[in-house]
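# Residue-level structural notes
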Amino acid sequence: MKRKKKVKEEEEEDWDDPTENERPKKRKEEQSKKEESKTLLLHNHTDEYHSFESEIIIQVRESLLKWFDIHKRDLPWRFEEVRNDSSSLLSLSTQEINRRAYSVWISEIMLQQTRVATVIEYFKKWIEKWPTVEDLALATL
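Here we summarise the structure given alongside this text. Note that this is a predicted model, so its numbers are computed, not measured. Here the residue numbers are simple positions, counted from 1 along each chain's written sequence. Predicted model: local features are reported for residues with pLDDT of at least 70 only, side-chain atom pairs are reported and counted for 80 or more only, and whole-chain, interface and lining totals are derived from all residues. Hydrogen atoms and water are omitted, and side-chain values are computed over all heavy atoms in the structure.

As a further point, take helix 5 (residues 94-111). For helix 5, spanning 18 residues, the distance from its first C-alpha to its last is 26 Å, which sits close to the expected 26 Å at 1.5 Å a residue. Only protein chains enter the area calculation, which uses a 1.4 Å probe; residues under 20% of their type maximum are buried, those over 50% are exposed, and those in between are partly exposed. For the purposes of this entry, the term helix denotes a DSSP run of H or I that reaches at least four residues, the term strand denotes a run of E that reaches at least two, and both are numbered from the N terminus. If you check which residues of helix 5 are buried, you get Glu96, Arg100, Tyr102, Ser103, Ile106, Ser107 and Met110. The buried residues of helix 5 all sit within an arc of 160° when viewed along its axis, so they share a single face. What a helix is expected to span follows from its residue count: subtract one and scale by 1.5 Å. Taking the helix axis as origin, the arc is that swept by the directions to the C-beta atoms.

Set out below in structure tokens:
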């Protein structure tokens, strides 16, 4: 009951207020300021905090790639020779690029449903049966 009464009073107050048209603007500005201060309180930094110099970006990228090379899992949908030599990407045929893309696509679909360890065997069977997207397209139900 008290809530309904308070809402009614606010409505009446707005109705009688001569600056009625200015109130929504003021409320939006106040709301915006509150949101900005909340963001600063939550993160305790400005957006500039997320900007990096290109040298730092290169260092982080190289560090991550080195870490990955050491700790990666061998998975059947990964293609080792491309990862180690980016120039070899240019020498791949369209057919090879399509085969690799198809393998990654199938693995991504399977990985949405279960864990990597479970997917590996299913992936191998799938690729053995339908090695290309063209083979899959010719499959019957």
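Text resumes after the structure shown.
The end-to-end C-alpha separation of helix 6 (residues 116-129) is 20 Å, in line with the 20 Å expected for 14 residues at 1.5 Å each. Every buried residue of helix 6 is listed here: Val116, Val119, Ile120, Phe123 and Ile127. Contact criterion: two residues are considered in contact whenever any of their non-hydrogen atoms come within 4.5 Å of each other. Lining the buried residues of helix 6 we find helix 5.

Before going further, it helps to spend a moment on the nonpolar core. As used in this record, nonpolar core signifies buried Ala, Val, Leu, Ile, Met, Phe, Trp, Tyr and Cys residues forming a set joined through side-chain atoms within 4.5 Å. Of all hydrophobic cores here, the largest spans 11 residues; its members are Leu75, Trp77, Tyr102, Ile106, Met110, Val116, Val119, Ile120, Phe123, Ile127 and Trp130. Looking at this core, the elements with two or more residues in it are helix 5 and helix 6. Per-element tally for this core: the top contributor is helix 6, with five residues. Those residues within four positions of Leu75 in sequence are excluded, and the remaining contacts are Val116 and Ile120.

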